[in-house]
Amino acid sequence: MAVDELPMILFTVISQMCVGAFVVLGLVQTVGGMKYSRRVVDRLADPALFALGPALVAGLIASMFHMNDVTHTFNVIRHWQSSWLSREIIFGVGFAGLGFLFAVLQVLKIGSEALRRVVAVATALFGVGLVVSQVMIYYSLVTVPAWSSWATWVQFFGTALLLGALAVGTAFVLVIARRQNRPASSQVEATNEGSYGQRLKDFFADRQVDDPQTGAQVAELMVGSVRACVVGAVLVAGALLVAMPVYVSGLAGSGEVGLLSVAHYGTGFAVVRFGLLALGALLLGVMAFYFAGFGTKKLRVLGFLMVGSFVLVFIGELMGRSLFYEAMVRVGV
Amino acid sequence: MYGFYFDQTLCNGCKACQIACKDKHDNPIGVNWRRVVEYTGGSWQVDGETARPNVFSYYTSMACNHCEDPICVTVCPTTAMTKREDGTVYVDQSKCVGCRYCEWACPYSAPQFNAQTGHMSKCDLCYDYRQTGQDPACVDACPARALDWGPIEELRAKYGDQNAFEPLPDPSITRPNLVIKPHRDAQPFGHGTGFIANRQEI
């Protein structure tokens, strides 16, 4: 395990997951919005949105540990004209800031829907800019063959889509399960009125009840979204399981530096990394797809499968990122 | 633009340059602005029924080459990695955040992390010595007189313009201000059959 690079492992994986999840949520909003009312979509998607905030903040804090002199931290945006690392920080902070703004507007229903959509699109663009910058930090280093490769694009965007989809799918199941399990006595009528403080309190307590038709539609949207997320995750995991051996064998055949770079891909650690990806995304994912067909009837099983799938794939991605850093062997002396 | 000249035919790998540099700049353990790389290889020369070993080994003393296109300056997020008007590259300690990105990028291992300061550090071609008319410490310390320094145009006029030899990287990446007089067994860049024998030391 590349312990020295732990801050970068946590930061890149978590921030990519957040970007992927935000984009997937946007797709759910857009595609779901074609069939269901805004109320139905928001009831499912808004709680998931709020889970992203703490995750992204944790990722950004982890990245601070990569700086050996935090008193000079603000200098890191000075060289945006040529350094991808400066650009990464700018896009990262922009993504976090706009994401927070969007979450507040969305939950408190401030501003028109069009305005919120503009903020959401801007947030997503900053998010994609963040992942592109992260890729370019490594891809642009022509002195490190293991990083200056198409595989860096595949791995980073793969992580974003894979974890983004599974995080959203898992969050949806947990949101519905939590609502199903709450005692009837605590439930209140659904409103979107009152002071902002009251709306925020209502949102986090999540005690509102939906009318039967809305409730059924929210559940229906959950099933469709979870299935779409799982299918997406299976496709990305499959692509990674095909692409990585191609990348590693190509690197191994490229000379002394390439051979030194791939040393860690021949270890038990790598076997576990790819095993977790296969087990989490492919096996549990396919099972989750099946159990999602039962709607809210087998929610407990679906919840366990989705949480299990997410946790295994998340650990697998952290291990995969560790292998990525361990492949750092420079040309020259 | 200043640069270094290194004569592979004279170097016997004694590392006096490395130690003189370390001593002059008082660098801690693990921080070596100049390092001596041992490149080794060989094959069997088969002549009828007889197979004879045909081996080689040569040394390359390497510090910062104060490149024309310094990749460390390009990638540095803080602008701490700075090119002086004379072309030499140094670390502005008031800006460096210690992220070590330049360390990943430089194919000569010139930027080195100093854990005591939390910042990067590197060869500045003995800026203070040069201000008082002295040579860089490594140049004067070499007992074989294998090192020289000066304006790169003068070095090229005097010694030629070769610098593409294994195990050094492709010079087109950063365009180093470096001139090398090759060892008789020196292998051209991209055609190396040997390996770096002292990776742990450099």
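Below you will find a few notes about this structure. (Residues numbered from 1 in each chain as written. Chains lettered and ligands numbered in written order. Predicted model: local features only at pLDDT ≥ 70, side-chain atom pairs only at ≥ 80, totals over all residues.)

1. Brief notes about the interface of chain A and chain B
- Counting residues at the interface gives 24 residues for chain A, matched by 29 residues for chain B.
- In terms of residue class, the side of chain A that touches chain B is built from 9 nonpolar, 11 polar and 4 charged. (Contact = placed C-beta atoms within 7 Å. Nonpolar A, V, L, I, M, F, W, Y, C, P; charged D, E, K, R; others polar.)

2. Regarding the packing of helix H7 (residues 212–252) of chain A against helix H9 (residues 268–292) of chain A
All names here are of chain A.
- Relative orientation of the contacting elements H7 and H9 amounts to 155°, with a least axis distance of 9 Å. When the interaxial angle is binned, H7 and H9 end up roughly antiparallel. In this structure, the crossing between H7 and H9 has a hand that is left-handed. On H9, the residues touching Val223, Val226, Arg227, Val230, Val231, Ala233, Val234, Ala237, Leu240 and Leu241 of H7 are Phe274, Leu277, Ala278, Ala281, Leu282, Gly285, Val286, Ala288, Phe289 and Ala292.
- Of the residues contributing to the contact of H7 with H9, the split by class is 18 nonpolar, 1 polar and 1 charged. (Axes fitted to C-alpha atoms, helices over the stretch in contact; angles between N-to-C directions. Helix = DSSP H or I, 4+ residues; strand = E, 2+ residues; numbered from the N terminus. Parallel < 35°, antiparallel > 145°, perpendicular 65-115°, else oblique. Left-handed = near helix turned anticlockwise from the far one by under 90°.)

3. Structural notes on helix H4 (residues 113–139) of chain A
Residues and elements named next belong to chain A.
- Compared with an ideal rise of 1.5 Å per residue, which puts 27 residues at 39 Å, H4 spans 38 Å between its outermost C-alpha atoms and is within 8% of the ideal.
- For H4, the set of buried residues is Ala120, Thr123, Ala124, Phe126, Gly127, Leu130, Val131, Gln134, Val135, Ile137 and Tyr138.
- Residues of H4 that are buried sit in contact with helix H1 (6–35), helix H3 (84–108) and helix H5 (150–181). (Expected span 1.5 Å × (residues − 1). Buried ≥ 20, exposed ≤ 12 C-beta atoms within 10 Å, placed from the backbone.)

4. Structural notes on unusual backbone geometry
All names here are of chain B.
- Residues glutamate 166 and proline 167 are joined by a peptide bond in cis, for which omega reads 5°.
- By the secondary structure assignment, proline 167 is in the loop between helix H6 (152–159) and strand E9 (178–181).
- Located in the positive-phi region is aspartate 26, a residue other than glycine, with phi close to 55°.
- Within the element layout of this structure, aspartate 26 appears in the loop between helix H1 (16–25) and strand E2 (35–47).
- Although it is not a glycine, arginine 100 adopts a positive phi angle of roughly 70°.
- A count of 18 C-beta atoms within 10 Å places arginine 100 in the partly exposed class.

5. Thoughts on the sheet that holds E2 of chain B
Residue and element names in this part refer to chain B.
- The sheet built from 3 strands is open, its strands ordered E3-E2-E10 with antiparallel pairing. Sheet topology places strand E3 (50–62) and strand E10 (195–196) at the edges, where each strand pairs with a single neighbour.
- Both E2 and E10 contribute to a ladder of 2 bridges, which runs antiparallel. Paired with tyrosine 39 across the two strands is isoleucine 196, which belongs to E10. (Pairing = 2+ DSSP bridges.)

6. Some details on the sheet that holds strand E8 (residues 147–151) of chain B
All names here are of chain B.
- The 3 strands lie next to each other as E8-E1-E9, forming an open sheet whose pairing is mixed. Two strands close off the open sheet at either side, each with one partner strand: E8 and E9. Recorded for the sheet is a direction-independent mean angle of 20° between the axes of neighbouring strands.
- By the bridge criterion, 4 bridges tie strand E1 (residues 2–7) to E9 in an arrangement that is parallel.

Geometric descriptors of this kind do not, in isolation, establish any biological role.
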